[in-house]
Amino acid sequence: MIAAQRFGALLTRPTDLSEQTAVLAAAAAAGASFQRGLMPRSTSDQAAITGLLVAVNYGLVVTSQSAIQALAGVLAGADASPARFRRSAFAVEAAVLGIGLGLQRALPAYPGEPLARAAARSVGFRSVLGASTAMIGLTTTEAAVTVTGHETKALPIAPLAVAGAALAGAAYGLARRGLQASDELDEYGMAVESDVRIVAGRSAVAGAGVAVATFVAAYGERLFARGVAWPIARVLPEPVALIAGHAVSLGTLAGAGYLGIRKVLASADATGGAVEAAYSSRPDSPHVTGGPASLVDWNTLGREGRRFVNMAMTTAEIREATGRSRATAPVRAFIGVDSAATPADRADLALRELEALGGLERPLIVFYTPTGTGYVNYVALETVEHLTGGKCAQVAMQYSLRPSPMSIGRIGVGRTQNQAFLAALRVRLDAMPAKKRPRVVVFGESLGAQTGADTLFQGNREMEQFGVDRALFIGMPNATPAPNAWRVNKAGLDPEGLAVEIGTHAEWTALPEEQRARVRVVLLSQHDDPIVKFGLPLAVQKPDWLGDNRPAVVPQEMVWRPFGTFITTMIDAKNSMSVVPGTFVARGHDYRLQLAVFVRDVFRLEDPPGGMEGVERALRARELAWATRRVGSAQAEAAETAVRDQLEKWGVATDRVPPVVAVLPITEDPLAVTT
């Protein structure tokens, strides 16, 4: 009985204006969070988006509305009646609404606008949203008072919860509009009719958990800060003591976060330098790093370096895939981040290694700017070797061992060593007779595209300076400065039209032939690639891909909202690279389906005698074969470790036990994957 009375009292407890408005805004954000994004998302992903948006919207609105409520209270007077307070609050909210609309009208968007201007316009947007929600709540409260005759400043929790649920449902319906009538599979890979209910229910529960956890963390921080402030308040004013308390609290959290990040980065470095069983053997070709002619210490190559050199094509593989009667063993040179101490030293070693392996004698040199871990796309590497019949030299220099999101701070290192290597290569090639001088092209993917563009893409002047003939950059991150400046001012930075950005091979072939012949830098940015689109400006600025220039692959019901689109696209970026070995697609950050033809066209290579079909088939089969080898070798290594551990427990000498691990051979076309 007592519990029921307490629960009833809770449901009828009035909320203040700031809480009321924040709850309604958070409810609307929860419903709107279910709009489709660029990539498929799981229930846990949807829960994260919903929970974060609920927490962010609640926090922003409750903070701003607390200030508005305080101002309304001052205007109404300390002893004002609830009705007078509501009228005062309504007037202040109306003024805030007008200011918000004025900001949006006075600061229209334009290409290349400063981020501060966009942020001011977004403040106007948020002001309109918060003020209009508050005015709806005030009007509803006034109506409730009129009907019930019970005076209050704001709605009790029970009707507020009902109103919030209705608002969330309406926002959800708008976010998913048009999908119920379709028989397509939506982003969860399920039929729309069933998926709408299943994912919504699961995600709503999980999202509520994320939001509650966020609120609990914020409440805990407030209690900690007040505990720190309590003794300080004995000697300092209470506001100053509370600020000090929050500073100590947030500083403690920041310190813990810093130590956690250091641990994660150290783990990432160790993983990037780990040796895989499938690539533990040194290559025997004199034309690759680690082979008999190499100048580089084999132990400094790390995981990606060993993959790079061990996966060099054989002449037999090239002949079979291309229909050539003869082929040449290709050159592959790789400099690990530990192969030399400084960027300049790595650049010098790369040039000497390239020459030692015979790379300067090949008609084509391809310089790769790798991703954060040092990864270079195997499809690009193998396509070049197929289309040149092996008469090529491919070289890459590592600048980090960490995944790309953790390697942002290493971009400057990558740019510096790129510049040093290309400058040294230019000097060395200029000393050669013109007829024997190789042609130099550059390839970069993802963070490697950013370091490559930072090196070469400054109005194409650097292309001439470094003697680079062509460059292909795929999946370039949104934050890359040079192409962003070029997009805004193409006429000023690229009057000759030497660069182009496209999303598909069909768009490339649709360009006039004379333009394709003139272009020297190609930015391949798939229209649904979140890596290309995700960046800080999304939090406050509507992108053109959600406006008049919306690509067909971007869902029509996807609309921009401050913070909301930023969070959604951040989760999309996490899900943008889901690769099935041997199955090529052109979706998100996976460019394998289009890559071979782009490498051919941009680098001006010719189809082999057997045509591109055999090359495409070989690329898929070889990727699957190497993936199978990696998994099998890793499992065998784990099995051997387990056997030896058990033998040690039994007291058996393991040095007499024959090895269990056998590096699996690569079979020819294991599953006969076709194009």
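Each value, and the rule that gives it
- Residues numbered from 1 in each chain as written.
- Predicted model: local features only at pLDDT ≥ 70, side-chain atom pairs only at ≥ 80, totals over all residues.
- Heavy atoms only, no water.
- Helix = DSSP H or I, 4+ residues; strand = E, 2+ residues; numbered from the N terminus.
- Buried < 20%, exposed > 50% of the residue type's maximum accessible area, 1.4 Å probe, protein only.
- Contact = heavy atoms within 4.5 Å.
- Areas by Shrake-Rupley, 256 points an atom, 1.4 Å probe, with all protein chains shown as cover.
- Polar contact = N/O pair within 3.5 Å; in protein donor to acceptor, adjacent residues only side chain to side chain.
- Salt bridge = Lys/Arg side-chain N within 4 Å of Asp/Glu carboxyl O.
- Axes fitted to C-alpha atoms, helices over the stretch in contact; angles between N-to-C directions.
- Parallel < 35°, antiparallel > 145°, perpendicular 65-115°, else oblique.
- Left-handed = near helix turned anticlockwise from the far one by under 90°.
- Nonpolar A, V, L, I, M, F, W, Y, C, P; charged D, E, K, R; others polar.
- Phe/Tyr/Trp six-rings, centres within 6.5 Å; stacked < 30°, edge-to-face > 60°.
- Core = buried A, V, L, I, M, F, W, Y, C linked by side-chain atoms within 4.5 Å.
- 1 Å grid on protein atoms, 1.4 Å probe; cavity = no way out; pocket = protein on both sides within 12 Å on 5 of 7 lines; lining within 4 Å.
- Points joined across faces, edges and corners; volume = space filled by probe spheres on them.
- Pairing = 2+ DSSP bridges.

Helix and strand content of the protein: 23 helices and seven strands. Here the protein, with 675 residues, has 47% of them falling under the buried criterion. When contacts within the protein are restricted to residue pairs at least 6 apart in sequence, long-range pairs at least 24 apart make up 73% of them. Split by element, the accessible area of the protein, about 31,200 Å² in all, is 62% carbon and sulfur.

Here we take up the side chain of Q417. Structurally, Q417 can be placed in helix α13 (residues 411-430). Of the polar contacts made by the side chain of Q417, one reaches the side chain of R346; its length is 2.8 Å. Beyond its immediate stretch of four places on either side in the chain, Q417 contacts P343, R346, A347, M397, Q398 and Y399.

This paragraph deals with the pattern of salt bridges. Pairs can form between side chains of opposite charge once their charged atoms are near each other. The full count for this structure, using the stated rule, is 23 salt bridges. For E304, the salt bridge is made with R303, and the minimal N-O distance between the two is 3.2 Å. On the accessibility criterion, E304 (5% relative accessible area) is buried. A salt bridge links R426 to D430, with the nearest nitrogen and oxygen atoms 3.0 Å apart. Linking R426 with D430, this pair stays in helix α13, spanning four residues, or about one helical turn. Judged by relative accessible area, D430 falls into the partly exposed class, the value being 40%. The structure contains a network of salt bridges with shared partners spanning R439, D469, R470 and R604.

This part is about unusual backbone geometry. One non-glycine residue, S446, lies in the positive phi region at around 55°. Notably, F563 is not glycine yet its phi reads approximately 70°, a positive angle. Relative to the helices and strands, F563 is located in the loop between α20 (530-533) and α21 (564-574). Given a relative accessible area of 30%, F563 falls into the partly exposed group.

The interhelical angle for the contact between helix α12 (residues 378-387) and helix α23 (residues 612-650), taken along N-to-C directions, is 135°, at an axis separation of 10 Å. Between α12 and α23, the crossing angle belongs to the class labelled oblique. Remark: the crossing between α12 and α23 carries right-handed chirality. Together, Y378, V379, E382, T383, H386 and L387 of α12 and M612, V615, A618, L619, R622 and R630 of α23 make up the contact between the two elements. Partitioned by chemical class, the residues of the contact of α12 with α23 number seven nonpolar, two polar and three charged.

Another aspect to go through is the packing of aromatic side chains. The tally for this structure, following the rule as stated, stands at eight aromatic pairs. Between F367 and F421 the ring centres are 4.9 Å apart and the planes differ by 35°, which places this aromatic pair in the tilted class. Residue F367 is found in strand β2 (residues 364-369), and its partner F421 is found in helix α13; the two are separated by 54 residues along the sequence. Given a relative accessible area of 1%, F367 falls into the buried group. Judged by centre distance (5.5 Å) and plane angle (50°), the ring pair of F457 and W486 falls under tilted. Of this pair, F457 sits in the loop between α14 (447-456) and α15 (461-466) while W486 sits in helix α16 (residues 481-488), and the two are 29 residues apart along the sequence. When its relative accessible area of 3% is taken as the criterion, W486 is described as buried.

Ranked by internal contacts, the top residues of the largest apolar core, which has 82 residues, are L354, F421, L472 and F603. Broken down by element, the residue count for this core peaks at six residues, all from helix α22 (residues 592-602). Apart from residues no more than four positions distant in its own chain, F421 is found in contact with A347, A350, L351, L354, F367, V395 and M397. L53, V540, M558 and F566 belong to the second-largest nonpolar core, a separate cluster that totals 16 residues.

If you roll a probe as big as a water molecule over the atoms, it shows you where there is empty space left. Per the stated rule, a full pass over the model turns up two cavities of 30 Å³ or more. The space that makes up the largest cavity amounts to roughly 40 Å³. In terms of lining residues, the largest cavity is bounded by M311, Y378, V379, E382, L619, R622 and E623. For the lining of the largest cavity, the secondary structure elements donating two or more residues are α12 and α23. By residue class, the composition of the lining of the largest cavity is four nonpolar, no polar and three charged. Approximately 40 Å³ is the volume attributed to the second largest cavity. Along the walls of the second largest cavity sit Y368, T369, P370, T371, Y375, V376, N377, F443 and E445, which together make up its complete lining. Contributing elements (two or more residues each) for the lining of the second largest cavity: β2 and β4 (439-445). Residue composition of the lining of the second largest cavity, by class: five nonpolar, three polar and one charged.

As a further point, take the sheet that holds β2. The seven strands lie next to each other as β1-β3-β2-β4-β5-β7-β6, forming an open sheet whose pairing is parallel. Looking at strand neighbours, the two that pair on one side only are β1 (331-335) and β6 (499-502), the edges of this open sheet. Averaged over all pairs of adjacent strands, the angle between their axes in this sheet comes to 15°, without regard to strand direction. Sheet topology places β2 next to β4; six bridges connect them, and they run parallel. Across the sheet, residue V366 finds its bridge partner in β4, namely V441. This element, helix α11 (residues 343-356), spans β1, β2 and β3 (393-397) of the sheet and lies at about 160° to β1. Of the strands in this sheet, β2, β3 and β4 touch α13, which is tilted by about 170° from β2.

With that settled, consider the pairing of β2. When you tally the buried positions in β2, you get six out of six residues, the bulk of the element. Covered by surrounding structure in β2 are L364, V366 and Y368 together with I365, F367 and T369, the residues of both alternating faces. Bridge analysis of β2 against β3 gives four bridges, and the strand direction is parallel. Bridged to F367 within β3 is V395.

Moving on, we get to α12. Because each turn of an α-helix spans 3.6 residues, side chains separated by three or four positions end up pointing in the same direction. Counting buried positions along α12 yields 10 of 10 residues, so the element is predominantly enclosed. Buried within α12 are the following residues: Y378, V379, A380, L381, E382, T383, V384, E385, H386 and L387. Between the side-chain oxygen of the N-cap and the backbone nitrogen of V379 there are 2.9 Å, and the N-cap of α12 in question is N377. Of the residues flanking the end of α12, it is G389, one or two places downstream, whose phi is positive at about 65°.

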